[in-house]
Amino acid sequence: MADARALPARLEQQRHAFTAEPYPSAAVRRDRLARLATMTRQHRDEIVRAIRQDFGHRAEAETRLAEIATLLEAVRHARRRLKRWMKPRKAAVPWRLAPARARVHRQPLGVVGIIAPANYPWQLALLPAVDALAAGNRVMLKPSEHAPTTAALMARLVARYFAPTELDVVEGDAEVGRAFAALPFDHLLFTGPASIGREVAGVAAEGLTPVTLELGGKTPAIVADDADLTHAARRIAFGKWLNAGQTCIAPDHVLIDAARLPAFVEALREAVATFYPRGTASDDYSAVPGETARARLETMLAEARDHGCRVIELGERIELSRGAKLPPTLVIDPTAGLAIMREEIFGPWLPVIGLRDFEAALARVAEGPRPLALYAFTDDPARHRRLMEETRSGGVVFNDTLWHVAVPGLPFGGVGESGLGAYHGEAGFLRFSHQRSVFVQSRRSPVGLLNPPYRKWLLNLLGL
């Protein structure tokens with residue numbers, strides 16, 4: 001556990017190292033990325049066990065898919081494209097300034113701070129580090145105190161594979177986290193709930209630290225009248241109950257024509273039975289760790305019951321030594337005032353809401369807070385176009401859920417209440433770079449003719 005009072009010295013150590021090497025070569029950056037991949041690949045089984053211990057139970061396949069494979073793919077993507085990303089970009093020069101030249105130089109920021117959550121404790125800590133290291137920065141990382149086994153493993157492995165001046169893991173509780181957020185980083189990335197994100201942004205603002213906030217929110221899934229219900233149910237079930245709903249881009253609720261709602265509920269039943277033949281006892285179904293998180297979810301569900309909502313549990317609750325398996329649960333037609341519709345659920349409850357038609361669903365999404373993702377099941381090109389033009393969200397997926405996050409070339413980030421800024425791939429490289437303007441004047445430049453005293457005839461000739 002780190003001493004909060006020692007954090008400024010650790011930051012200063014990284015800053016000195018950056019000053020000594022302010023523009024690492026492509027070879028140095030590729031080496032750092034390679035070590036990150038090797039560390040993850042070589043210790044995969046340890047990572048799986050650590051995350052399972054923190055959760056009480058985490059499906060091994062989910063950890064390998066969402067934590068390990070995602071990180072390794074991001075490293076491959078960055079290493080293959082790094083030289084192109086680093087190359088300065090030419091900028092067009094107005095004819096009046098010819099023959100001057102201009103370019104944009106992509107310069108490392110310095111030291112990047114990362115505050116990670118517990119729901120994907122390996123991926124959401126180290127995926128931003130991939131982008132920051134690719135951009136030539138030093139990185140300080142604060143993993144979640146709610147995944148202590150994973151945090152301890154990460155700190156031990158990073159210390160083996162990296163110098164503390166390259167990548168430094170800071171273990172600690174919420175007090176250490178607050179001190180970490182207050183450090184004068186050159187950039188700070190936070191992933192987590194909006195309530196804490198606002199606090200982090202406020203603390204960072206005192207030092208004018210630029211921030212990227214990945215916050216989540218109420219991600220809707222629209223099932224239009226032309227959608228195949230079996231396909232939609234299976235894809236929504238996958239996205240919702242991966243990691244027991246503890247995914248910032250999981251479908252938060254479903255909007256569907258009221259006439260199709262009963263058939264869709266049956267399709268969801270079948271999908272859950274197919275995915276988890278032993279119900280919540282299946283090894284492929286993950287647990288919800290933390291008493292506070294479970295109590296919040298239980299309170300949310302109890303309120304929906306008390307207000308007359310039909311609640312359909314698709315399994316049984318199973319208590320574990322750490323955490324509990326909460327069953328996939330459908331909540332039919334909850335009203336807007338209930339907590340389950342006001343707050344991000346971040347668990348296995350899925351509201352299914354019947355509306356008049358696609359127009360009503362589109363209007364509801366357009367009028368609501370801007371989500372981190374928007375899912376729509378329809379093959380109608382006109383509806384695709386309307387969704388793209390009339391709604392706002394961090395990302396859009398048609399006829400599936402979640403998989404946009406597995407494409408390293410797509411920026412990942414929110415808009416409005418779901419976040420600020422994006423990363424992943426080149427977008428992440430740019431997020432952690434300074435786009436430095438460079439203008440090179442020619443000795444033969446005629447701009448000296450524009451010196452005072454000004455000549456009206458010349459201004460007219462130049463169209464000024």
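One structure accompanies this document, and this report is about it. Everything numeric in this text was worked out from a predicted model, so none of it was measured.

## Things to note about the overall build of the protein
Stage number 1. Secondary structure summary: the protein contains 16 helices and 20 strands in total.
Stage number 2. Computed over the C-alpha atoms, the radius of gyration of the protein is 25 Å, within 12% of the 23 Å expected from 2.2 N^0.38 for a compact globule of 464 residues.
Stage number 3. Counting only C-alpha atoms, the protein reaches 80 × 55 × 40 Å along its principal axes.
Stage number 4. Counting the 464 residues in the protein, one finds 52% classified as buried.
Stage number 5. Relative to all contacts within the protein whose residues are 6 or more apart in sequence, the contacts with residues 24 or more apart total 74%.
Stage number 6. Carbon and sulfur atoms make up 54% of the accessible area of the protein, which totals about 20,400 Å².

## A word on the sheet that holds strand E6 (residues 187–191)
Stage number 1. Strand order in this open sheet of 6 strands is E5-E4-E3-E6-E7-E18, and the pairing throughout is mixed. Two strands in the sheet have a free side with no partner beyond their single neighbour: strand E5 (167–169) and strand E18 (419–420).
Stage number 2. Where strand E3 (residues 111–115) meets E6, 4 bridges bridge the pair, whose relative direction is parallel. Within E6, the residue paired with isoleucine 115 across the bridge is phenylalanine 190.
Stage number 3. Contacts from helix H8 (residues 194–206) reach E6 and strand E7 (211–214) within the one sheet, and its direction differs from that of E6 by about 170 degrees.

## Concerning the sheet that holds strand E13 (residues 329–332)
Stage number 1. What the 7 strands build is an open sheet, ordered E10-E13-E14-E9-E8-E15-E16; its pairing is mixed. Two strands close off the open sheet at either side, each with one partner strand: strand E10 (310–313) and strand E16 (395–398). When the angles between neighbouring strand axes are averaged without regard to direction, this sheet yields 20 degrees.
Stage number 2. Sheet analysis places E10 next to E13, joined by 4 bridges and oriented antiparallel. Paired with arginine 310 across the bridge in E13 is isoleucine 332.

## Comments concerning H8
Each full turn of the α-helix corresponds to 3.6 residues, which orients residues three or four apart in the same direction.
Stage number 1. The end-to-end C-alpha distance of H8 is 19 Å, a good match for the 18 Å that 13 residues give at a rise of 1.5 Å each.
Stage number 2. Taken together, the buried positions of H8 are occupied by Gly197, Val200 and Ala204. Down the axis of H8, the smallest arc covering the buried residues is 65 degrees, so these residues share one side. Counted as exposed and oriented over 90 degrees from the buried face of H8: Arg198, Glu199 and Glu206.
Stage number 3. Those residues of H8 that are buried lie in contact with helix H7 (174–181), E6 and E7.

Conventions adopted
Along each chain, numbering runs from 1 in the same order as the chain's sequence is written. Note on the predicted model: pLDDT of at least 70 is required for a residue's local features to be given, and 80 or more for side-chain atom pairs to be given and counted; whole-chain, interface and lining totals, by contrast, use all residues. To get the side-chain values, all heavy atoms of the structure are used, and hydrogens and water are removed first. The helix count covers DSSP runs of H or I at least four residues long, the strand count covers runs of E at least two residues long, and both are numbered beginning at the N terminus. Here the radius of gyration uses the C-alpha set of atoms, whereas the globule reference equals 2.2 Å times the residue count to the power 0.38. We call a residue buried when its accessible area falls under 20% of the maximum for its residue type, exposed when it is over 50%, and partly exposed in between, using a 1.4 Å probe and counting protein chains only. The contact criterion used throughout is that any non-hydrogen atoms of two residues lie within 4.5 Å. With residues, only the protein chains shown are counted as cover, and all accessible areas are computed by Shrake-Rupley using a 1.4 Å probe. In short, DSSP must find at least two bridges between two strands for them to pair. Under this scheme, a helix contributes an axis fitted over its contacting stretch, all axes are lines through C-alpha atoms, and angles between N-to-C directions fall in the 0 to 180 degree range. By this rule, a helix spans an expected 1.5 Å times one less than how many residues it contains. This arc describes the spread of directions from the helix axis toward the C-beta atoms.

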